Amino acid sequence: MLVRLLYASRATHAMSEAELQAILKSSREHNPATGLTGLLCYSDGIFIQVLEGGRDAVNARYKAIVDDQRHRDVIILSYEEIGERHFAGWSMGQVNLHRLNPALVLKYSATTKLDPYAMSGHALMALFQELVNTGAIVCS
Ligand code: FAD
């Protein structure tokens, strides 16, 4: 059975590009072995991540991620059983926020600032889906 989990968190300190790339590298090394796919977004001290895969694999990795000292205030925005993956092409894709159109954020939230703590999981997932459709995801 496949599930999709969406969460947000706050970095414990401002992430350097090298630190962010280290998380992505580790994710891309670990995720294929357990069949996990998804996207990671980091902006203004906030992480947003969607994880897809088998229920046991997603739950186990989420538990390890929650325990990670590099972030805090982890909040699940959405958890659902799914029939198919939306982000199958990425062992952990990185959302390129330089290509994030403010008008697209405004379509799904109250302001042009991307604040997952003020958005519904449904809206955030729809935004991520549009980012995929518009080619704003980099690396695999
Ligand atoms: P270990 O590698 O043994 O690490 C144990 C703890 O040490 C971690 O929890 C962390 O607090 C700390 N740590 C580890 N490496 C570093 C480092 N380079 N710098 C500072 N502290 C460190 N892992 C995945 O496999 N897939 C993912 O999709 C994924 N997404 C993540 C998203 C975010 C926002 C964050 C912060 C981490 C993510 N990770 C991901 C990493 C994950 O939290 C674990 O570090 C990883 O799963 C390895 O688990 P482990 O139990 O072997 O921990």
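In the nomenclature of an unreviewed UniProt entry, the protein is known as FAD-dependent sensor of blue light of Roseateles asaccharophilus.

**Q** Looking at this structure, how should I read the site of the ligand?
**A** Close contacts around the ligand come from 17 residues, with Ser27, Asn31, Arg61, Asp68 and Gln69 the closest. At a separation of 2.5 Å, an oxygen atom of the ligand approaches a polar side-chain atom of Arg61. When the ligand is considered free in solution it has 910 Å² of accessible area, and contact with the protein chains removes 63% of it. Among the secondary structure elements, those contributing two or more residues to the shell around the ligand are helix H1 (17-30), strand S3 (46-54) and helix H2 (55-66). For the shell around the ligand, the class distribution of residues is seven nonpolar, six polar and four charged.

**Q** Help me understand the environment of Ile137 in this model?
**A** Positionally, Ile137 belongs in strand S6 (residues 137-138). Expressed as a C-alpha distance, the spacing of Ile137 and Leu40, which sit 97 residues apart in the sequence, is 9.3 Å. In this view, Ile137 contacts Leu39, Trp90, Gly93, Gln94, Val95, Leu131 and Val132; residues no more than four positions away in its chain are not counted.

**Q** It is not clear to me how the pattern of salt bridges should be interpreted in this structure. Could you clarify?
**A** Pairs may arise between side chains of opposite charge once their charged atoms sit close together. As enumerated under the stated definition, the model contains 10 salt bridges in all. Across the pair Glu52 and Arg4 runs a salt bridge whose closest N-O atoms are separated by 2.8 Å. With Glu52 in strand S3 and Arg4 in strand S1 (residues 2-11), this pair connects stretches of sequence that are 48 residues apart. For the pair Glu52 and Arg4, a shared accessibility class is recorded, and that class is buried. Lys113 serves as the salt-bridge partner of Asp44, at 3.8 Å between the closest nitrogen and oxygen. Of this pair, Asp44 sits in the loop between strand S2 (37-43) and S3 while Lys113 sits in the loop between helix H3 (102-108) and helix H4 (121-133); the two residues are 69 residues apart in sequence, bridging distant segments of the chain. The exposure class of Asp44 is exposed, given its relative accessible area of 66%. Residues joined by salt bridges that share partners form a network here, namely Arg4, Glu52 and Glu80.

**Q** Hey, could you run me through unusual backbone geometry in this one?
**A** Working note: non-glycine residues mostly have negative phi, and peptide bonds are mostly trans. In this structure, Asp44 takes a positive phi of about 50 degrees despite not being glycine. One non-glycine residue, Asp73, lies in the positive phi region at around 55 degrees. Taking the relative accessible area as the measure of exposure, Asp73 reaches 38% and is therefore partly exposed.

**Q** Got a minute to help me understand the sheet that holds strand S5 (residues 93-95) in this structure?
**A** For sheets, the rule is that strands pair by backbone hydrogen bonds, running either parallel or antiparallel. The sheet built from six strands is open, its strands ordered S4-S1-S3-S2-S5-S6 with mixed pairing. The open sheet has two edge strands with one neighbour each: strand S4 (71-82) and S6. The pairing of S1 with S4 spans nine bridges and is antiparallel. Paired with Leu5 across the two strands is Tyr79, which belongs to S4. Along the sheet, H2 contacts S1, S3 and S4; its crossing angle with S3, the most-contacted strand, is approximately 155 degrees.

**Q** What's the story with the UniProt feature "domain: BLUF" (unreviewed entry) in the protein in this structure? I'm lost.
**A** Here, the residues flagged by UniProt with the feature "domain: BLUF" (unreviewed entry) are residues 2-93. Helix makes up 28% of residues 2-93 and strand 42%, and the two end C-alpha atoms of the span are 19 Å apart.

Calculation notes
Residues numbered from 1 in each chain as written. Predicted model: local features only at pLDDT ≥ 70, side-chain atom pairs only at ≥ 80, totals over all residues. Heavy atoms only, no water. Near = heavy atom within 4 Å. Polar contact = N/O pair within 3.5 Å; in protein donor to acceptor, adjacent residues only side chain to side chain. Areas by Shrake-Rupley, 256 points an atom, 1.4 Å probe, with all protein chains shown as cover. Helix = DSSP H or I, 4+ residues; strand = E, 2+ residues; numbered from the N terminus. Nonpolar A, V, L, I, M, F, W, Y, C, P; charged D, E, K, R; others polar. Contact = heavy atoms within 4.5 Å. Salt bridge = Lys/Arg side-chain N within 4 Å of Asp/Glu carboxyl O. Buried < 20%, exposed > 50% of the residue type's maximum accessible area, 1.4 Å probe, protein only. Pairing = 2+ DSSP bridges. Axes fitted to C-alpha atoms, helices over the stretch in contact; angles between N-to-C directions. UniProt positions renumbered as here; feature names shortened; annotations may be inferred.

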